[in-house]
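The residues making up each chain are set out below.
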Amino acid sequence: MAELALSNLHKSFGATEVIRGVSLAAQSGEFVVFVGPSGCGKSTLLRMIAGLERSDSGTISIGGRNVTTTDPAKRGIAMVFQTYALYPHMSVAENMGFGLEMAGMARPERQKLVRQAAEMLHLTDYLDRKPRQLSGGQRQRVAIGRAIVRNPDVFLFDEPLSNLDAELRVKMRLEIAKLHKDLGATMIYVTHDQVEAMTLADKIVVLRAGLVEQIGSPMQLYSDPDNRFVAGFIGSPRMNFIDASVSGIKDGALLVDVPELDLSGLPVRPRAMPAKAPATVTLGIRPEHLSEGAEGPFRITLACNAIERLGAISYLYTAPGDDATIIAQLKGASGVRVSETVTVGVDPEACFLFDDAGQRI
Amino acid sequence: MNRSLGLNAALVAVVAFFVVLVGLPFWWVVSGSFKIPQEIIARSPTMIPQSFTLQHYQKLFEASDYPVYLVNSLIVAASSTVLTLLLAIPAAYAFFRLVFPGRGFLYRTILLAYAFPSIVVLIPLFGLFAKVGLVDRLPALVIVNVAFALPFSIWMLRSFLAGVPKEIEEAAVMDGAPTLTILRRIMIPLIAPGIASVGIYAFVTAWTEYVFASVLILSDAKRTLPVGFSGIIGQYQIDWGLLLAGATVAIVPVVAIFALIGRGFVSGLTEGAVK
Amino acid sequence: MQQTRALAFVLVAPALLFLAATLGWPLVQAVQLSLQDVRVIGAPGAFVGLDNYSRVLSNPSFWNAAWLSVVWVVANAVLQTVLALAVALVLNEKFPGVRVARTWVILTWIVPTVVVVVIWRWLFSTSGGMINPLLIQAGIVERPVGFFATPWTAMATLVFINSWRWFPFIALMMLAGLTRIPDDLYEAARIDGANAWQRFKRITWPLLAPTLGVLAVIGTLLSFNVFDIIWLLTSGGPAGGSRTLPVLIYETAFKGYRLSEAATVSVLATLLLMAFAMVATRALDRGDDR
Amino acid sequence: MWAVPLYNMAMNLWYRKSVLEEAGIEAPKTWEEWRAAAEKLSVDGVSGMGLPANKQLYTDQTVYSVMVNGGATEIYNEDGTLRFDNPETVGAYEFYADLNKFSPADSTSWTWGEAEACFSSKACAMVMQFSVIATYDTQAEGDAADLGVAAIPSKDGGDHNTISYANAVMLLSKDEAKMEASKKFVSFLLEPDNYGRFLNMEPGLFMPVTADGAEAETFWADPMVEKYREQIETVIDNAQNGRLFGFTSGRTFPSIAAISAQNIIAETLQSIVVSGQSAAEAVTAGQARMQEVAQ
């Protein structure tokens, strides 16, 4: 297995620049997930690593070797496509063995490797079927098998689960995680589903408009976001953002007044005390940190205009459909009904502050 | 999708209309070829032949060596088909999938090939073939047929290539397959139905060509079916029976061939690429 | 990707060279001929510049032929589109025997042109044909109809025969376009209460437009160049009533022994068609699928 | 370079005696009788007189056959200038166009074959043709006694002319040996006992050009010729005063090739029959066309 390093990559399609200077590194055997809203350039970045898109500038190196302009096949990588991209006219075995055949490997040797991979993915009794005779999940596994057989330095996944139904998606997610553990391979995985990102990734790269917003472990991004975009993107449902003002400083924490929630003097510890305390800030608090029935000094009452009951938990919305709505996570058995109010506790330790530019304070 | 009664009635009417429009003329010709001369040109013609005779066929095979024309036509049509495909497939793949300067311009000039009145090509081509000693030789016809079938074949193959998802080709690139292998091992098998359709198009174009064949071929032994057939039309007297027999015999082989591969032609057109 | 550019040229070169030799070079020859005064194939000819062009352009028979060519192309386009569309729509439906119909509708296109000519010359003839007696028995006419007797009936009959030969091929091209329209569009429209006509107007027609566009361009070029059916049936008659440009070119070259004049007419015809094709294909490219 | 006439073809008027008797008329001698016969015979869908009106060689021949019987034999003057545009020619065209009214509607696309098919299917009562014997015998009733043939009626019934071709074989070669061989072959062909067999490849169509050929036993022995002896004798007699356009008093003018190739004689007829021009206008335009084509 090998590590992957990108430095200052640029790429534009015609006039629009899609990748505007991306640098990152993936350690050998690390599972790195590129995540971000659609159109942020995550797939393009993956295709640049694969060699399917030419990089305008910057370098890509795998295992220390500069492969920026090398042919895809010679980069020591394998890719699993969103649409599986299996050869419809070839059997499962031929599909999986095609790469090795191209590399000039003899037939018996090839068949051995294909059989091994098939066993790993329990595809052994489908080897001579055609792709159209398989289910979505099976086809996905054949696509993965095709990648495994090449024993690449780096695996590339391009939203491989988006075409599967919810239940199968969970199952395949666990299989990919197990695969990563068994092979210990370096994997680069692109998805727009942040649940996949949180569950699979050793390291997450959040991208927006062709630039890296933040790189870090799932928990790091969840609990220590660098900016408002990352804070809002990671975690579902989204973090609440409320306008607030700073009334003073008290033993290392900023005293925050939130007129909208008639809350005042909330002591929030910034990540780093700014030289001059800003007058206005944005308070960020996750729905799951607004706990029902908590004692604590700081409590707010929220009007329930919509409630979603998911069984174990329920979500309360103060202004459903409006971006500025406050969302609170309540116990599944909560008796709150629409047009009633509920009082929830605010835990200052779980709050975040962002300046007007959206940067974390 | 079930259809309302009105639509069904319209459907039956239209189908009946086209069965008559396409089928009836051929029925008249084939049935006519077995009638005695008097019945063919009788002033009140018969739908179902009352008389039966094989005299026209006998005269046909005496007056002209039809089997020779048939063989010549098959040779010319088959080789035209093979040569057309050998030239069209690589070109269509390059035009469609590979990016190279002047691609759009070259592709459009190829289609312009149909802008020339074929007659204008006849004169200089005859001169060219005469110089290289190709006049009165079957390869000359093959060259002409391929020239006229090639542009359309390239265009048709291009639309079939459009049916192959781009990811499949990218997967092959990732698998380390060089361009020519991608064409041979991946693209050609996937557009096989399309290739069958283009092959049949080239075959039929060569099979039905008359003008060039009538000018370029001089000796009777090298004539193709259309020219051989027009030879028996004769100016001084019209023997409808002989003509109908000739027409029937000219139809039979191509109908037989089409019975075998016709379905492929249509499904190729409609499905295009293997899904 | 550099080497694929070189490879692309290797793949395209054979086809291009072949077409250049068999079509390109003859056109150059034709232009050369049109600037000389060659009477018969092989005879020498002096350079006369554009004399041929001025003579041809001032000769009414050229303009008549050009006009007849336009009439020929338009009439064929209309009739073939109507027949082909009807067949394509029918063959797109599911009914018993549809597979057989799809295969055998093409019968008229796979038969040699000369055979088509003889079939229809016999059917339409006043002595021994089938159509006239049937018309008389049905009381539609008293005396046999001369289908090739007057310029307009001759042209109409020729257009019918040419379209009879070509419409099935065009229909299958359209059918190829139709089958690419996903079924769920029609199901959605049906649920929205659209009747057969509305479904055709709002879904089939717009989505079929690209295919129709391309067929119109190529169809026009192929149809313009039809020569054998006209020559074998009416040889441009009666009284020049069906003398389209290709027929005029053939007559001038092989009957009038005025090769250069024929070459001039064909160069002019080629320019006319090229202009049309350039404009039309550019318009199509904008609407092209990929 | 040699040109040796091998066989002769001349046009005549063909009819069925029974049809004429039934209508109570004789074979027409004058144009007036011809038109009357054509009119009388045009009953219940039958065309009294099958005349072509196609821009094609057959129509050139039939029009010219009427012209030679109307005093318009010559197209050229002695000095090679054109004299096509003259009252006799106009008169001949007027008569032909008038007679064409009794022909089938599709006469504008006729060649020789259609005329014979029309005659053998009884759709035409009379046709002008080199010979109908072959089709009459195979496709019609083949009753030799009923088949009538007569010289083409002349304007006032005087001497009857017709168009006749002395078809020749041309020997072109620089190689002496080949020339000798072909000469020997041609003379062998014209030997009376071979000449008959050669002529009867198309019985009733090819007529002998040599006196001894006309007597040759091999000619008359052919069963078809035997059966239609009377008609063939008439055809040979009528061929005595055969004429051909473009041959004024023996001399010929090369421009006739282009005129004949573009069928201008027939084209002139179509301007009358199809485009509705008057005979005088059409003939004048015809001469202009000949002028244009001739240079």
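Every value quoted in this text rests on a predicted model; they were computed, and no experiment measured them.

### Quick look at the overall build of chain B
Scanning chain B from N- to C-terminus turns up 13 helices and 0 strands. Listed by position from the N terminus, the elements making up chain B come as α-α-α-α-α-α-α-α-α-α-α-α-α. Dimensions of chain B, computed from C-alpha atoms along their principal axes, come out at roughly 75 × 65 × 30 Å. A burial count over chain B gives 60% of its 275 residues as buried. Expressed as a percentage of contacts within chain B between residues at least 6 apart in sequence, the contacts between residues at least 24 apart total 73%. For chain B, the exposed surface amounts to about 9,900 Å²; the carbon and sulfur share of it is 71%.

### Notes on the overall build of chain C
Per the secondary structure count, chain C includes 13 helices and 0 strands. Shown N-terminal to C-terminal, the secondary structure of chain C runs as helices and strands in the order α-α-α-α-α-α-α-α-α-α-α-α-α. Dimensions along the principal axes, computed over C-alpha positions, put chain C at roughly 75 × 75 × 30 Å. Across the 290 residues in chain C, those meeting the buried criterion constitute 56%.

### So, the sheet that holds strand S4 (residues 57-62) of chain A
Residue and element names in this part refer to chain A. The strand order S2-S1-S4-S5 describes an open sheet built from 4 strands, whose pairing is antiparallel. Bordering the open sheet on either side are strand S2 (16-26) and strand S5 (65-66), each of which pairs with just one other strand. Note: strand S1 (residues 4-13) against S2, 8 bridges, orientation antiparallel. When the bridges of S2 are listed, Lys11 appears paired with Ile19. Each of S1, S2 and S4 is contacted by helix H1 (residues 42-50), which is oriented at about 115° to S1, the strand it contacts most.

### Observations regarding the packing of helix H1 (residues 5-32) of chain B against helix H3 (residues 60-91) of chain C
Contact pair H1 of chain B / H3 of chain C: the axes reach a minimum separation of 10 Å and the direction vectors enclose 125°. Overall, the two elements H1 of chain B and H3 of chain C adopt an arrangement that is oblique. Judged by the twist between their axes, the crossing of H1 of chain B over H3 of chain C is left-handed. Across from Leu11, Val14, Val15, Phe17, Phe18 and Leu21 of chain B in H1 of chain B, the residues of H3 of chain C making contact are Leu83, Ala86, Val87 and Val90 of chain C. Its residues assigned to classes, the contact of H1 of chain B with H3 of chain C comprises 10 nonpolar, no polar and no charged.

### Some remarks on the interface of chain C and chain B
Taken together, the contacts link 103 residues of chain C with 98 residues of chain B. Between chain C and chain B, roughly 9,100 Å² of surface is buried when both sides are summed, and carbon and sulfur atoms account for 81% of that area. Where chain C packs against chain B, one counts 2 residue pairs in polar contact (both at pLDDT 80 or more). Broken down by element, the residue count for the side of chain C that touches chain B peaks at 22 residues, all from helix H1 (residues 2-34) of chain C.

### Some remarks on the packing of helix H6 (residues 118-131) of chain B against helix H12 (residues 245-255) of chain C
Relative orientation of the contacting elements H6 of chain B and H12 of chain C amounts to 30°, with a least axis distance of 9 Å. By the criterion of interaxial angle, the relationship of H6 of chain B to H12 of chain C is roughly parallel. Contact with H6 of chain B, carried on its side by Ile119, Leu122 and Ile123 of chain B, involves Pro246, Ile249, Tyr250, Ala253 and Phe254 of chain C of H12 of chain C and no other residues of that element. Each residue belonging to the contact of H6 of chain B with H12 of chain C can be placed in one class, and the counts come to 8 nonpolar, no polar and no charged.

### Points about the pairing of strand S4 (residues 124-129) of chain D
All names here are of chain D. Burial runs high along S4: 6 of the 6 residues are buried. In the sheet, strand S2 (residues 12-16) pairs with S4 via 4 bridges, with the strands oriented antiparallel. Considered in S4, the bridge of Tyr15 is made with Met126.

### Points about the sheet that holds strand S13 (residues 263-268) of chain A
Residue and element names in this part refer to chain A. In spatial order, the strands read S13-S12-S11-S14-S21; together these 5 strands make up an open sheet with antiparallel pairing. This sheet does not close on itself; its edge strands, each paired only once, are S13 and strand S21 (352-354). Each neighbouring strand pair of the sheet contributes to a mean axis angle of 45°, computed without reference to strand direction.

### Description of the interface of chain B and chain D
Every contact between the two is made by 10 residues of chain B and, on the other side, 16 residues of chain D. In this assembly, chain B packs against chain D so that about 1,200 Å² is buried in total across both faces, 55% of it on carbon and sulfur atoms. The tally of links from chain B across to chain D stands at 0 salt bridges. Joining chain B to chain D, the criterion identifies 1 residue pair in polar contact (both at pLDDT 80 or more). Counted by class, the side of chain B that touches chain D contains 5 nonpolar, 3 polar and 2 charged residues.

### Some thoughts on the nonpolar core
Core analysis: the biggest nonpolar cluster contains 247 residues, and Phe34 and Leu45 of chain A together with Ile154, Ile186 and Phe265 of chain B have the highest contact counts within it. Once residues lying within four places of it in the same chain are set aside, the contact partners of Phe34 of chain A are Leu24, Lys42, Leu45, Ile49, Ile188, Tyr189, Val190, Thr191, Val205 and Leu207 of chain A. Judged by nonpolar contacts, the second largest core, of 97 residues, contains Tyr76, Ile152, Met224 and Val235 of chain D.

### What about helix H7 (residues 138-161) of chain B?
Spanning 24 residues, H7 of chain B covers 32 Å between terminal C-alpha atoms, matching the ideal 34 Å at 1.5 Å per step. In terms of burial, H7 of chain B is a largely internal element, 21 of the 24 residues being buried.

### Structural notes on the arrangement of the chains
For the 4 pairs of chains in contact, the largest share of contacts goes to chains B and C. One finds no contact between chain A and chain C; the C-alpha atoms of the two approach each other to within 8 Å at their closest.

### Let's talk about the packing of aromatic side chains
Going through the model one piece at a time under the given rule, you end up with 49 aromatic pairs over all chains. Here Phe62 of chain C and Trp63 of chain C contribute two aromatic rings whose centre-to-centre distance is 5.0 Å and whose plane-to-plane angle is 75°, an arrangement assigned as edge-to-face. Its relative accessible area of 7% is what places Phe62 of chain C among the buried residues. Ring geometry for Phe84 of chain D against Tyr93 of chain D: centres 6.0 Å apart, planes inclined by 80°, an arrangement best described as edge-to-face. Overall, the relative accessible area of 0% leaves Phe84 of chain D in the buried class. Among the aromatic residues, ring-to-ring pairing joins Phe26 of chain B together with Trp120, Phe124, Phe147, Phe148, Phe160 and Trp164 of chain C into one connected group. A cation over an aromatic ring shows up here: Arg146 of chain A above the ring of Tyr87 of chain A, its NZ or CZ 5.0 Å from the ring centre.

### With respect to the state of the cysteines
Residue and element names in this part refer to chain D. On inspection of all chains with the given rule, the structure shows 1 disulfide over all chains. Each disulfide pairs two cysteine sulfurs, and for Cys118 the partner residue is Cys124, the sulfurs being separated by 1.8 Å. In this structure the cystine formed by Cys118 and Cys124 twists about its S-S bond by roughly 80°; its chirality is therefore right-handed. In this structure Cys118 comes out as buried when scored by relative accessible area, which is 1%.

### Some thoughts on a nonpolar patch on the surface
Residues and elements named next belong to chain C. Side chains of Trp67, Val70, Val74, Val78, Val82 and Trp152 sit close together on the surface and give an oily, nonpolar patch of about 650 Å² of accessible area. Examining the composition of the nonpolar patch, we find that 5 residues originate from one element, H3, more than from any other. On the secondary structure map, Val82 appears in helix H3.

### Structural notes on the pattern of salt bridges
Summed over all chains, the structure comprises 33 salt bridges over all chains. Where Glu261 of chain C meets Arg55 of chain C, a salt bridge forms, and the shortest distance between an N and an O atom there is 3.2 Å. On the criterion of sequence distance, the pair formed by Glu261 of chain C in helix H13 (residues 259-286) and Arg55 of chain C in helix H2 (residues 51-57) is long-range, its members being 206 residues apart. The class of Arg55 of chain C is partly exposed, set by a relative accessible area of 44%. Here the salt bridges share partners, and the residues they tie into one network are Asp224, Asp226, Arg271 and Arg360 of chain A.

### What to know about a negative patch on the surface
All names here are of chain D. On the surface, Glu21, Glu26, Glu32 and Glu33 cluster together into a negatively charged patch. Turning to its location among the elements, Glu26 is positioned in the loop between helix H1 (17-23) and helix H2 (31-41). With relative accessibility at 68%, the residue Glu26 sits in the exposed group.

### Describing the environment of Lys201 of chain C
Along the chain, Lys201 of chain C turns up in helix H10 (residues 196-224). Considered as a pair, Lys201 of chain C and Phe227 of chain C are 26 residues apart in the sequence and their alpha carbons are 36 Å apart.

### Concerning the side chain of Asp193 of chain A
All names here are of chain A. Residue position: Asp193 is located in the loop between strand S8 (186-191) and helix H6 (194-200). This buried residue, Asp193, is left without a salt bridge; Arg169 holds the nearest opposite charge, at 4.6 Å. Separated by 2.7 Å, the side chain of Asp193 and the backbone nitrogen of Val195 make a polar contact.

### Section: unusual backbone geometry
All names here are of chain A. In the segment running from Ser236 into Pro237, the intervening peptide bond is cis, with an omega of 0°. Here Pro237 lies in the loop between helix H8 (228-233) and strand S11 (240-250). The phi angle at Asn8 is positive, at roughly 50°, despite the residue not being glycine. With respect to the element layout, Asn8 can be found in strand S1.

Scoring rules and cut-offs
Residues numbered from 1 in each chain as written. Chains lettered and ligands numbered in written order. Predicted model: local features only at pLDDT ≥ 70, side-chain atom pairs only at ≥ 80, totals over all residues. Heavy atoms only, no water. Helix = DSSP H or I, 4+ residues; strand = E, 2+ residues; numbered from the N terminus. Buried < 20%, exposed > 50% of the residue type's maximum accessible area, 1.4 Å probe, protein only. Contact = heavy atoms within 4.5 Å. Areas by Shrake-Rupley, 256 points an atom, 1.4 Å probe, with all protein chains shown as cover. Pairing = 2+ DSSP bridges. Axes fitted to C-alpha atoms, helices over the stretch in contact; angles between N-to-C directions. Parallel < 35°, antiparallel > 145°, perpendicular 65-115°, else oblique. Left-handed = near helix turned anticlockwise from the far one by under 90°. Nonpolar A, V, L, I, M, F, W, Y, C, P; charged D, E, K, R; others polar. Buried area = accessible area lost by both parts, 1.4 Å probe. Polar contact = N/O pair within 3.5 Å; in protein donor to acceptor, adjacent residues only side chain to side chain. Salt bridge = Lys/Arg side-chain N within 4 Å of Asp/Glu carboxyl O. Core = buried A, V, L, I, M, F, W, Y, C linked by side-chain atoms within 4.5 Å. Expected span 1.5 Å × (residues − 1). Phe/Tyr/Trp six-rings, centres within 6.5 Å; stacked < 30°, edge-to-face > 60°. Lys NZ or Arg CZ within 6 Å of the ring centre and 35° of its normal. Disulfide = S-S within 2.5 Å. Patch = residues over 30% accessible without salt bridge, like charges linked within 9 Å, V, L, I, M, F, W, Y side chains within 5 Å. Lys, Arg positive; Asp, Glu negative; His and termini not counted. Charge placed at Lys NZ, Arg CZ, Asp CG, Glu CD.

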